[in-house]
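Residue-level structure breakdown
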Amino acid sequence: MANIEWGKLGFAYMKTNTIVKMYYQNGQWGPVISSADDNITINSYAASLHYGVECFEGLKAFRGKNGEIRIFRPDENAKRMQRSAEYLGIAAPSVEQFIEMVKQVVLENQEFIPPYGSGASLYIRPTLIGFGPQLGVKSPEDALFMIMVSPVGAYAGSINEPVKTVIAREYDRAAPNGSGSYKVGGNYAMSLKAGKEAAKEGYKGVLYLDPKEHKYIDEFSSSNFFAIKGNTYVTVDSNTVLPSITNKSLEQVAKDLGMEVERRKVPVEELAQFDEVGECGTAVVITPVGIVDDKPTICGQECKRYTFGDPTKCGEKSLKLYKQILAIQHGEVEDTHNWCIVL
Ligand SMILES: Cc1ncc(COP(=O)(O)O)c(C=O)c1O
């Protein structure tokens, strides 16, 4: 096991043993290459560098009580990457190729999988980029698929530290009928300015509204929105949000635990009626949200504030859902939906 202070890990780059990669050239994928060097050589004319022809994924591996390794729902990430690649018009690995390479890179970097009970995990970052030199704006024929891994702790805040967030009314992260539901780099570039302003104002998250009418909640810059109303798990139905695998899993777990589930449009004003609100995503499963400020401009003074529960702890239902997902990821309860691949 690597000599790392597992409890102190944040969400940051760390050099690990290897990355794995595979090139698509002349209409076919080449062999899987494992490389100790995590730098790549790329032509300066590559479309990924100029036109954002790239997509990526994020998933995790966990160490169980008996040392076994679990990878959470890699098939879902493989399918979502295929959807993003189809949108960009580039070749994508098959679900089988994707899963095999995930397994390979996890095994090659086993010593970086944090121990059971540390609260940390191994973050897996598959990335697919348009390769080869070109000048015109078109989908590149050549592609590079690579997977990197890094041990990570909490992304922002923690389950017992509800965060303060702000609605970005003067920015959108996606266009109506645009790329919002695909995991392409451009969506994240779109969110950086708002994120920077929000951080300056002391916020830990930015909540975007539907880009067409700005009436309904869409999602946070890197996580989906959910809320608890009585015994109901409410989440957003929108064609401009990323279909989160964590959210889908939480919906299922909520049903398993006897809750109602609603996926529908959520008007901003409904925030006043929610008992609990949270961000959900692979990075932390759930980050409880204690405050949402609705401001015409992120840096302005005018503000309508929504608060949810006790700002010092996670709401009861969110915590129950969180614990159940973690228990599945660490093999503490039966994986009744066969979500994990065990190595
Ligand atoms: C914009 C956005 N929404 C939602 C999510 C959550 O998706 P998932 O649960 O698949 O990680 C992410 C990524 O983590 C994201 O980047």
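Since we're looking at a predicted model, the values are computed, not measured.

Within the protein, the regular secondary structure consists of 6 helices and 18 strands. The C-alpha radius of gyration computed for the protein amounts to 20 Å, which stays within 12% of the reference 20 Å derived for 343 residues, consistent with globular compactness. Projecting the C-alpha coordinates of the protein onto the three principal axes gives extents of approximately 55 × 50 × 35 Å. A sequence separation of at least 24 residues applies to 71% of the contacts in the protein between residues at least 6 apart.

This brings us to the environment of Lys 196. With respect to the helices, strands and loops of the structure, Lys 196 is situated in helix α4 (residues 185-200). Linking Lys 196 and Cys 303, residues 107 residues apart in sequence, is a C-alpha distance of 19 Å.

Within the largest apolar cluster, 46 residues are counted, with the highest numbers of intra-cluster contacts made by Ile 124, Leu 128, Ala 143 and Ile 147. Of all elements in the fold, only β1 (19-25), β5 (59-63), β6 (69-72), α2 (74-88), α3 (95-108), β7 (121-130) and β8 (143-152) reach the threshold of two or more residues within this core. The dominant element in this core, judged by the number of residues it contributes, is β8, at 8 residues. Here this core spans two domains, and each of domain 1 (6-152) and domain 2 (163-329) adds at least three residues to it.

With that out of the way, let us pick up the domain arrangement of the protein. In terms of domain boundaries, the protein breaks down into domain 1 (6-152) and domain 2 (163-329). Put simply, the middle of domain 1 and the middle of domain 2, counted by C-alpha atoms, are 26 Å apart. Listed by partner, the interface residues are 20 residues for domain 1 and 11 residues for domain 2. Contributing elements (two or more residues each) for the side of domain 1 that touches domain 2: β4 (54-56), β5, β6 and α2. In terms of residue class, the side of domain 1 that touches domain 2 is made up of 8 nonpolar, 4 polar and 8 charged.

The next thing to look at is the site of the ligand. Near the ligand you find 13 residues, and of these Ser 244, Ile 245, Thr 246, Gly 281 and Thr 282 are the closest. At the level of secondary structure, the elements contributing two or more residues to the shell around the ligand comprise β12 (223-229) and α5 (245-256). Top contributing element to the shell around the ligand by residue count: α5, with 3 residues. Tallied by class, residues from the shell around the ligand come to 3 nonpolar, 9 polar and 1 charged.

The next point concerns the packing of α5 against helix α6 (residues 316-329). In helix packing, the relevant descriptors are the interaxial angle and the interaxial distance, both defined with respect to the helix axes. Contact pair α5 / α6: the axes reach a minimum separation of 10 Å and the direction vectors enclose 105 degrees. Judged by the angle between their axes, α5 and α6 are roughly perpendicular. Of the residues in α6, those touching α5 at Ser 249, Leu 250, Val 253 and Ala 254 are Leu 321, Gln 324 and Ile 325. Tallied by class, the residues present in the contact of α5 with α6 amount to 5 nonpolar, 2 polar and no charged.

Calculation criteria
Residues numbered from 1 in each chain as written. Predicted model: local features only at pLDDT ≥ 70, side-chain atom pairs only at ≥ 80, totals over all residues. Helix = DSSP H or I, 4+ residues; strand = E, 2+ residues; numbered from the N terminus. Rg over C-alpha atoms; globule rule 2.2 N^0.38 Å. Contact = placed C-beta atoms within 7 Å. Core = buried A, V, L, I, M, F, W, Y, C linked by C-beta atoms within 7 Å. Buried ≥ 20, exposed ≤ 12 C-beta atoms within 10 Å, placed from the backbone. Domains from an automatic or database assignment. Nonpolar A, V, L, I, M, F, W, Y, C, P; charged D, E, K, R; others polar. Near = placed C-beta within 6 Å. Axes fitted to C-alpha atoms, helices over the stretch in contact; angles between N-to-C directions. Parallel < 35°, antiparallel > 145°, perpendicular 65-115°, else oblique.

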